[in-house]
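So the chains spell out like this:
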Amino acid sequence: MIKLYNYELSANCYKQRLFLSILGLDYEAITIEFFPGMEHKSEAFLEINPLGHIPVLDDDGFMVRDAHAILIYLAARYDPSGRWYPTSDPELLAKTAQWLLFCEGTTSTASAARLHDSLHYDFDIDAVRAGAHRLFRVADEHLWFAEQEGYDWLVPTDHPTIADLALFPDVILSEEGGVSRQDYPALHRWTDRVKRIDGFTPMPGVFFAAPAQA
């Protein structure tokens, strides 16, 4: 049985729940009180992840301790189509990896701004918001050019990859950190496409507008 140690309002943890839902996998969600309890820094949890980070995936005793590593693992193990993490195509695989690394940046900017505003984390809010806008502009321009070539996703393929799921929460929740998406139309269209993926599930307690009609 898959177990996911997570906090419902964490963008990084939402990435895992979203992919598990899309894959149709049953799992047990184990709540770690990230705030205000700081349970992820407790002695008990540090036995599970010495770095004190969530999410953590336990797949019948095999532990994976990084948000994007979990996406890679789930795709490699549970997606027989190989489309979510295209290991059979070196170029597509490299592009997917590049976007996963890009998402480390949106986590440390857009999601950091959200932590600042909602949980009062001590970040330089002007710097992280500016960083989020810089990255959103890059993603928006990339997606606009991709659309001109007939592609809907971050990686030039007819199917989304785990890169899309890694970026989506940081983007869709950015308004909660004071990072507006109104100047990024291609990014907005892309979020609508993600919401149409079979198995998509929203984050509890967060309102997601219905995707616009095609």
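Residues numbered from 1 in each chain as written. Predicted model: local features only at pLDDT ≥ 70, side-chain atom pairs only at ≥ 80, totals over all residues. Heavy atoms only, no water.

Undergrad: Would you mind showing me how to read the overall build of the protein chain here?
TA: Across its full length, the protein chain holds eight helices and four strands. Mapped from its N terminus to its C terminus, the protein chain presents α and β elements in the order β-α-β-α-β-β-α-α-α-α-α-α. Computed over C-alpha atoms, the radius of gyration of the protein chain comes to 17 Å, within 12% of the 17 Å expected from 2.2 N^0.38 for 214 residues, which places it in the range of a compact globule. If one aligns the C-alpha atoms of the protein chain with their principal axes, the spans along those axes are about 50 × 45 × 30 Å. Intrachain contacts of the protein chain at a sequence separation of at least 6 include 64% that bridge at least 24 residues. (Helix = DSSP H or I, 4+ residues; strand = E, 2+ residues; numbered from the N terminus. Rg over C-alpha atoms; globule rule 2.2 N^0.38 Å. Contact = heavy atoms within 4.5 Å.)

Undergrad: Which parts of the structure should I look at to understand the environment of D58?
TA: Inspection of the secondary structure puts D58 in strand 3 (residues 56-59). Distance from D58 to A110, taken between C-alpha atoms, is 28 Å for residues 52 residues apart in sequence. For D58, the contacting residues outside a window of four places in its chain are M1, I2, K3, Y5 and M63. A distance of 2.7 Å separates the side chain of D58 from the backbone nitrogen of G61, its partner in a polar contact. (Polar contact = N/O pair within 3.5 Å; in protein donor to acceptor, adjacent residues only side chain to side chain.)

Undergrad: What is the right way to look at the packing of aromatic side chains in this model?
TA: The geometry of an aromatic ring pair is captured by the separation of the ring centres together with the interplanar angle, meaning the angle of the planes. Evaluation of the coordinates by the stated rule reveals eight aromatic pairs. A network of ring pairs unites the aromatic residues Y14, F168, W190 and F200 as a single cluster. (Phe/Tyr/Trp six-rings, centres within 6.5 Å; stacked < 30°, edge-to-face > 60°.)

Undergrad: Even after reading the chapter, I still don't get the pattern of salt bridges, so can you show me in this structure?
TA: Between side chains of opposite charge, a pair can form as their charged atoms come close. Per the counting criterion, the structure on display carries eight salt bridges. Of the charged contacts in the structure, one is a salt bridge between R77 and D59, with a shortest N-O distance of 3.4 Å. With R77 in helix 3 (residues 67-78) and D59 in strand 3, the pair connects residues that are 18 residues apart, well separated along the chain. Classification of R77 as exposed rests on a relative accessible area of 53%. Between K195 and D192 there is a salt bridge; the shortest N-O distance is 3.7 Å. Taken together, the positions of K195 and D192, both in helix 8 (residues 185-195) and three residues apart, correspond to about one turn of that helix. Given the relative accessible area of 13%, K195 is considered buried. For D192, a relative accessible area of 6% gives the class buried. (Salt bridge = Lys/Arg side-chain N within 4 Å of Asp/Glu carboxyl O. Buried < 20%, exposed > 50% of the residue type's maximum accessible area, 1.4 Å probe, protein only.)

As far as function goes, none of this settles anything; it's purely spatial.
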